[in-house]
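Commentary on secondary and tertiary structure
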Amino acid sequence: MTQSVAPTQAKDTAEQLIADLDGTDTLPLWVQMAKLNPPEPNPRCIPYVWKYDRIRPNLIRAGELISEKAAERRVLMLPNPAREAPFTTDTIYAGLQLVMPNETAPAHRHVAFAMRFIIEGSGGFTAVHGRRIKMQRGDVILTPRWNYHDHGKDGSGPMIWLDGLDLPNFRHFPVHFLEHFKDPRYPAEDVDTSESPIVFPWSGMKAKLDAESGSWAALRYLKRDGSEVSLTLGGSAERLDANSNSPVRRETSSCVYHVIEGSGYSNVGDKKLEWTKGDTFCVPTWAAYEHFNTTDSTTYLYRFDDQPMIKSLGFYRTQDMDIEALVDL
Ligand code: 1HN
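Our subject in this report is the structure included herewith. Within each chain, residues carry numbers counting from 1 in the order of the written sequence. Where local features are concerned, this predicted model is filtered to residues with pLDDT of at least 70; where side-chain atom pairs are given and counted, the filter is 80 or more; whole-chain, interface and lining totals use all residues. Think of the side-chain values as coming from all heavy atoms in the structure, minus any hydrogens and water.

Focus on the site of the ligand
Neighbouring residues are identified by heavy atoms, a residue being near a molecule or strand if any of them is within 4 Å of it. In the region of the ligand, the neighbouring residues are R73, Y93, Q97, H108, H110, R116, H149, H151, D163, L165 and L167. Here a polar contact is taken to be a pair of N or O atoms separated by no more than 3.5 Å, where protein atoms must pair a possible hydrogen donor with a possible acceptor and residues adjacent in sequence count only if both atoms sit in side chains. Contact distances for the ligand include 2.6 Å between an oxygen atom and a side-chain N or O atom of H108. One of the side-chain N or O atoms of R116 is found 2.9 Å from an oxygen atom in the ligand. Only the protein chains shown count as cover for residues, with accessible areas throughout obtained via the Shrake-Rupley method and a probe of 1.4 Å. A total of 330 Å² of accessible area belongs to the ligand in isolation, and the protein chains cover 86% of it. Secondary structure elements are taken from DSSP: a helix is a run of H or I of four residues or more, a strand is a run of E of two residues or more, and numbering for both begins at the N terminus. Broken down by secondary-structure element, the contributors of at least two residues to the shell around the ligand are β3 (93–99), β4 (104–110), β9 (149–153) and β10 (159–165).

Let's talk about the sheet that holds β3
Strands are treated as partners if at least two bridges between them are detected by DSSP. Spatial strand order, β2-β3-β10-β5-β8-β13: six strands in an open sheet with antiparallel pairing. The open sheet is flanked by β2 (75–77) and β13 (199–200), the only strands paired with a single partner. In the sheet, strand β5 (residues 114–120) pairs with strand β8 (residues 140–143) via four bridges, with the strands oriented antiparallel. Across the sheet, residue A114 finds its bridge partner in β8, namely T143. Contacting β2, β3, β5 and β10, helix α3 (residues 52–65) runs over the sheet at an angle of about 50° to β3. By definition, residues are in contact when any of their heavy atoms lie within 4.5 Å. Fitting a line to C-alpha atoms yields each axis, with helices limited to the stretch in contact; the angle taken between N-to-C directions then spans 0 to 180 degrees.

Notes on a nonpolar patch on the surface
Note on patches: the residues involved have over 30% relative accessible area and no salt bridge, like charges join within 9 Å, and the nonpolar side chains Val, Leu, Ile, Met, Phe, Trp and Tyr join within 5 Å. The rule for a salt bridge is simple: a side-chain nitrogen of Lys or Arg has to be within 4 Å of a carboxyl oxygen of Asp or Glu. A cluster of nonpolar side chains, namely L17, I18, W30 and V31, defines an oily patch on the protein surface of about 400 Å² accessible area. Inspection of the secondary structure puts V31 in the loop between α1 (14–21) and α2 (33–36). Its relative accessible area of 55% is what places V31 among the exposed residues. Using a 1.4 Å probe on the protein chains alone, a residue whose accessible area is under 20% of its type maximum counts as buried, one over 50% counts as exposed, and one in between counts as partly exposed.

Some thoughts on the sheet that holds strand β17 (residues 263–268)
With respect to topology, three strands assemble into an open sheet ordered β18-β17-β20, the strand pairing being antiparallel. Strands with a single pairing partner mark the edges of an open sheet, and in this sheet they are β18 (271–276) and β20 (289–293). Pairs of neighbouring strands in the sheet enclose a mean axial angle of 20°, with direction left out of account.

A look at the pattern of salt bridges
In this structure the tally under the stated criterion is 21 salt bridges. Notably, a salt bridge pairs R74 with E103, separated by 2.6 Å at the nearest N-O pair. Taken together, the positions of R74 in the loop between α4 (68–71) and β2 and E103 in the loop between β3 and β4 put the pair 29 residues apart, joining distant regions of the chain. Using a relative accessible area of 3% as the deciding quantity, one classes R74 as buried.

Printed below as a string of structure tokens:
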């Protein structure tokens with residue numbers, strides 16, 4: 001009996017397998033394992049501060065050169081220098097918006113959630129689902145999803161505020177869309193801000209912060225039932241007494257801070273961000289951060305963050321968390 005002899009074959013190799021996978025619509029995980037599973041959270045955005053005195057003149061110029069009607073929203077976005085818009089952090093969009101007297105930012109509604117911090121001006125208003133609310137410096141005003149909203153302004157001078165939206169989400173979830181109302185303004189009646197569930201007046205928040213003990217205090221903006229202002233974004237305000245500092249925090253949420261009053265600096269990751277009233281700065285996920293008030297008066301900071309989203313998804317971790325205790329059954 002003749003036995004067939006197998007032809008001598010070159011030994012198969014991992015390299016050959018990878019080459020042969022080309023065109024098979026599959027990819028080996030093992031090549032990307034480390035990239036998909038980094039040893040630490042790996043934000044693409046960097047710590048950064050946007051100085052109000054550099055932005056404001058161009059925003060005012062936009063007020064002269066771009067009509068509100070054409071702009072729909074007259075905004076200078078705050079894209080992170082390491083990424084393109086709408087990324088201020090990897091999960092949060094921020095922009096500075098201007099409305100001039102007798103203008104209307106036309107009524108529309110969209111899936112995105114917005115929360116706004118009023119920086120300067122008087123006579124401004126936002127109408128949300130038929131309720132017209134006065135904008136007053138320091139107030140935080142919510143625009144819940146899919147509510148028609150328009151902004152306007154009486155009196156003289158500009159009205160400027162900081163918008164925070166959850167827009168980066170829609171790079172992953174292609175579910176965002178916007179509808180215009182048939183008229184520039186949605187029919188609205190004036191409401192008392194103290195009665196409105198979507199306004200957090202600064203006077204009330206400041207009084208609560210001042211009543212807290214310690215040289216640093218932070219309080220979240222919460223709805224009347226104690227829940228966060230949205231499922232994605234939430235916010236808080238912080239008081240930092242003269243010549244004092246905040247605790248160091250490091251967490252998987254990211255945030256955008258705005259300086260309500262005072263000046264100082266923050267160490268964020270390996271960056272020192274110097275800030276003063278009106279400035280806005282960002283803290284990427286997992287960057288250790290600590291604020292310093294270097295003056296003899298009290299500093300107040302506003303911030304909005306992605307904590308509601310990160311927490312509800314189960315992604316929230318801080319540097320102090322005992323990983324063993326996190327086993328989720
Ligand atoms: C928006 O509706 C506003 O209503 C501001 O003021 C910024 C950015 C992207 C999409 C919608 C506003 C926005 C926005």
